[in-house]
Structure formats: structure tokens, C-alpha cells
Amino acid sequence: HLEGFLRDYARFAKLPAPRTEPMRLPQFVDKLRTQVDFGIDGTIPDETVRFDPAQLEQALLNLLKNAHESGTASGTVSLAVRRIADGWRIDVLDRGSGMNEAVLANALLPFYSTKRSGTGLGLALAREIAEAHGGRIALLNREGGGLCVSLVLPGQT
């Protein structure tokens, strides 16, 4: 466990500048689905967007893994990709227990975790990746239960 923690921390502490390249969204999402199970909310726009595929994949894998560990029923984790005014919004949605206000306020901080074996680096790393791309990340409880984690990227194509 300590070895995994140190490996994650080293990766977090030395996040390289994103090496962006044009990526087709459907192909990127298909590759992600080979690594973790999730449904698609809506349709994935058939567009090309510039981002660092390895970094964005790592951020989304962290978010999807968290969604699966949230107490959500099997098969209720989903991903939505939408064009917004200033870029792209990628939502990871679950139907778990959501987060109380204190957890929402601290969840993106490094080393903050509510999980017994959590390192507290998954959400912090996702936030660092989003910000390195000029974007942001936000968490909000969903109506009817669960959480929506939104990763917003600027609209460079």
C-alpha cells in the first residue's frame, strides 16, 4: 500500500506540462471503456479536441474508479461529454451516497480522503490535470442521490 501511495505521490508532484494532440472523442471514450466499465449519458460528439490523452485518461480513470467505489449500484456509473460555451464538459455521474458539505469543500485537496485505504490523490490529480489544460473540475451532489464530477476543458480544437 505504501509503495502505491509513494508512486501516486511522485506522479502527482511531478505532473509534466500537457502534451496536447488532436483526439477524436468517440475513439478516446472507446479506449477508456476498455479499462473501466461505464455507461454513456447521451451521445459522444463526433469531434476532435486537443488534449494530452495520457493525462486526461488518468484523470477520468480516477474519477470513474471513485464513482464505482461510491456505493453506487452496479451499472449506474456513466460519462457524458457535452460542448459548452467555453469548451467541453465531461461529467462522471454516479448514484452513490454523494458528499456532505465538509467533504465537498475538501475533496479536491491532496491527501484528503474519506476512504480507509485512500491516498487522497485521485481527485487532486484530476484537478491538477484539468488545471494544467486550462480547465477546472467541480463536484456537486445530484438530485435523487449520487455525485456529478465535471471536468471542463477549454475549447481548443
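Here the structure is shown first, and the text comes after it.
Going along each chain's sequence as written, the residues are numbered from 1 onward. Confidence filtering applies because this is a predicted model: local features only for residues at pLDDT of at least 70, side-chain atom pairs given and counted only at 80 or more, and all residues used for totals across whole chains, interfaces and linings. Only hydrogens and water are set aside when side-chain values are computed; all heavy atoms of the structure are taken into account.

Description of the environment of Phe28
Thinking step 1. Think of it this way: any DSSP run of H or I at least four residues long counts as a helix, any run of E at least two long counts as a strand, and we number them from the N terminus. Structurally, the position occupied by Phe28 is in helix H2 (residues 25–33).
Thinking step 2. Expressed as a C-alpha distance, the spacing of Phe28 and Pro53, which sit 25 residues apart in the sequence, is 7.8 Å.
Thinking step 3. In what follows, residue pairs with any heavy atoms lying within 4.5 Å of each other are defined as contacts. Apart from the residues within four sequence positions on either side, Phe28 is in contact with Met23, Phe51, Pro53, Leu56, Glu57 and Leu60.

Focus: the packing of aromatic side chains
Thinking step 1. Centres within 6.5 Å are what make two rings of Phe, Tyr or Trp a pair, Trp counting through its six-membered ring; a difference in plane orientation under 30 degrees is then read as stacked, over 60 as edge-to-face, and the rest as tilted. Applying the stated criterion to the full structure yields one aromatic pair.
Thinking step 2. An angle of 75 degrees between the planes, with centres 4.9 Å apart, marks the rings of Phe28 and Phe51 as edge-to-face. Of this pair, Phe28 sits in helix H2 while Phe51 is found in strand S3 (residues 48–51), placing the two residues 23 residues apart along the sequence.
Thinking step 3. Cation placement over rings: the criterion is NZ of Lys or CZ of Arg within 6 Å of the ring centroid and within 35° of the ring normal. Positioned above the aromatic ring of Phe38, the side-chain terminus of Arg33 is 5.4 Å from the ring centre.

Notes on the pattern of salt bridges
Thinking step 1. Salt bridge criterion: a side-chain nitrogen from Lys or Arg within 4 Å of a carboxyl oxygen from Asp or Glu. Under the definition given, this model contains nine salt bridges.
Thinking step 2. Lys31 is the salt-bridge partner of Glu57, the closest N and O atoms lying 2.8 Å from each other. Placement of Glu57 in helix H3 (residues 53–68) and of Lys31 in helix H2 is noted, with a sequence separation of 26 residues between them.
Thinking step 3. Among the salt bridges present, the one from Arg89 reaches Asp91, with a minimum N-O distance of 2.8 Å.
Thinking step 4. Note on Asp91: relative accessible area 4%, which makes it buried.
Thinking step 5. In this structure, a network of salt bridges that share partners links the residues Asp41, Arg82, Arg89 and Asp91. For each residue, the accessible area found with a 1.4 Å probe, counting protein chains only, is set against the maximum for its type, and the residue is called buried under 20%, exposed over 50%, and partly exposed in between.

Considering the nonpolar core
Thinking step 1. Side-chain atoms within 4.5 Å link the members of a nonpolar core, which is a set of buried Ala, Val, Leu, Ile, Met, Phe, Trp, Tyr and Cys residues. With 38 residues, the main nonpolar core has Phe38, Leu56, Leu60, Leu63, Leu79 and Leu139 as its most contacted residues.
Thinking step 2. Broken down by secondary-structure element, the contributors of at least two residues to this core are H2, S3, H3, strand S4 (78–84), strand S5 (87–93), helix H5 (122–132), strand S6 (136–141) and strand S7 (147–154).
Thinking step 3. It is H3 that contributes the most residues to this core, seven residues altogether.
Thinking step 4. Once residues within four sequence positions are removed from consideration, Leu56 is found in contact with Phe28, Phe51, Ile90, Ile129, Leu151 and Leu153.

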